[in-house]
Amino acid sequence: MLNFDFYNPTQILFGEGQIASLAKHVPANARVLLVYGGGSIKQNGVYDEVIAALAGHHVTEFSGVEPNPSYETLMRAIEQVKAEKIDFLLAVGGGSVIDGTKFIAAGALLDEDPWTILEKHGANVSKAMPFGAILTLPATGSEMNSASVVTRKSTQEKFAFMNRNVYPKFAILDPSKTYSLPVRQVGNGVVDAFAHVMEQYMTYPVNAKVQDRFAEGLLLTLIEEGPQALANPDDYDVRANVMWCATLALNGLIGSGVPQDWATHMVGHELTALYHLDHAQTLAVIMPSMLRVRKEGKRAKLLQFAERVWGLTGGDQDTRIEAAITRMEEFFEKMGVKTRLGDYGLAAKDIDAVLAVLEKHRMVKLGEHRDVTLAVTRKVLELSL
Ligand code: NZQ
Ligand code: ZN
């Protein structure tokens, strides 16, 4: 196992009815800005519950944070924070709203243009406003991590930043608030969480038995419960298991002390920025080809994945590995997330543009061995057509 330093200060409040406890976690004299997206929280009752729970607080609102939150929109929120002397943020929504709130929290206290936070991947953030999160879409893990991904529409750039000042102070996870998710977002969420586990698990063995078995437990649970969430959308326990999987998939725990990959995510972010695929759609397209092309470097872990996650033990190694990757692909499809570039209207002619932006953003040595060069990525994209 590699040396590691594990830190996570986010308090989790999990279960049905937890929104009612909100007032205990937001400072009584705070000037609160409620940050949300396009309005799903008004349709499923979450907004009303939040407003009722904060009846004694000073609360104003900022709405319209879009999926793949944009710098342009978030800068307007920062202006509002300054104009209204806001000192506490409350994100209510999916990963985009929570990521956006992290950017607002850090950007509002920065002396330079907040876009530099993305350019420097968070290195220039030394403080941030406190904030809490109410999660309505299990997927990104943003509710319990220090990462945020922001898009600059004008330049078609989608960059991530990380900083320990932007962990949520608390996160409320009420699985019953996910009943209203459209099928597409249920599928996206399960695929994203699955990919997060894989990015931290599917590398090479370092004898980190706890991390490996936790990771396999999360994958097995997603495989078991993901399709159930589509089949029985109002089953509380299914939603609860999916929600807790997504949070634990990217709160730092399973990634501690192990090598990490993230090449699929980096290529995926460019596909979203250029061609507007949903985040999870990019992962479903790229990950199977990424594993096929990089099979040699990942052989030991692919065999472990085949055996422990898919129960594949017979046949020669290469057959088992291919079967495991195919099972994963079929699982993504079962979740309603298509796995070929062609399914999203993209073709061979669209690949050069992806490679050009990866080069521009210096994403030319990705992966746990830093051997995912542009030539490797080209092969991956060609195999994904
Ligand atoms: O905007 P509203 O109206 O709220 O609707 C949203 C949105 O249209 C809707 N939705 C959310 N909860 C709902 C609901 N609809 C009905 N009922 C509910 N309970 O779902 C749509 C998608 O929401 P979004 O927040 O965009 O999805 P997701 O949570 O998948 O977040 C995706 C973003 O997170 C980033 C992605 O790149 C993308 O920008 N990521 C963040 C990470 C992190 N912070 O650690 C890691 C990830 O790898 C990822 O990159
Ligand atoms: Zn992701």
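See the structure printed just above.
Scoring rules and cut-offs
- Residues numbered from 1 in each chain as written.
- Chains lettered and ligands numbered in written order.
- Predicted model: local features only at pLDDT ≥ 70, side-chain atom pairs only at ≥ 80, totals over all residues.
- Heavy atoms only, no water.
- Patch = residues over 30% accessible without salt bridge, like charges linked within 9 Å, V, L, I, M, F, W, Y side chains within 5 Å.
- Areas by Shrake-Rupley, 256 points an atom, 1.4 Å probe, with all protein chains shown as cover.
- Salt bridge = Lys/Arg side-chain N within 4 Å of Asp/Glu carboxyl O.
- Helix = DSSP H or I, 4+ residues; strand = E, 2+ residues; numbered from the N terminus.
- Buried < 20%, exposed > 50% of the residue type's maximum accessible area, 1.4 Å probe, protein only.
- Pairing = 2+ DSSP bridges.
- Expected span 1.5 Å × (residues − 1).
- Bend = angle between axes of the 7 residues up to and from the residue.

Caption draft 1: Looking closely at a nonpolar patch on the surface. Judged by side-chain polarity, Met1, Phe4, Phe6, Val210, Phe214 and Leu253 come together as a nonpolar surface patch covering roughly 580 Å² of accessible area. Within the secondary structure layout, Phe214 lies in helix H8 (residues 209–231).

Caption draft 2: Looking closely at the pairing of strand E5 (residues 131–135). Summarising burial for E5: five of the five residues are buried, a large majority. Two elements, strand E4 (residues 88–93) and E5, share five bridges in a ladder whose sense is parallel. Looking across to E5, one finds that Leu90 is bridged to Gly132. Taken together, the three bridges between E5 and strand E8 (residues 170–173) define a ladder with parallel strand orientation. In the sheet register, Ala133 faces E8, and the bridge partner there is Ala171.

Caption draft 3: The arrangement of helix H11 (residues 279–293) in detail. With 15 residues, H11 extends 21 Å from end C-alpha to end C-alpha; this agrees with the ideal 21 Å at 1.5 Å per step. Along H11, the largest kink reaches about 30 degrees and is centred on Ile286; proline Pro288 follows within four residues of it. Taken across its 15 residues, H11 has 13 buried, putting it largely inside the fold.

Caption draft 4: Just unusual backbone geometry, in detail. Positive phi values are uncommon outside glycine, yet Arg362 reaches one of about 60 degrees. If you trace the backbone, Arg362 turns up in the loop between helix H14 (351–360) and helix H15 (374–383). Residue Arg362 is classed as exposed on the basis of its relative accessible area, which comes to 69%. Of note, Arg370 is a non-glycine position whose phi angle comes to about 55 degrees, a positive value. Inspection of the secondary structure puts Arg370 in the loop between H14 and H15.

By themselves, these are just geometric observations and shouldn't be taken as functional.
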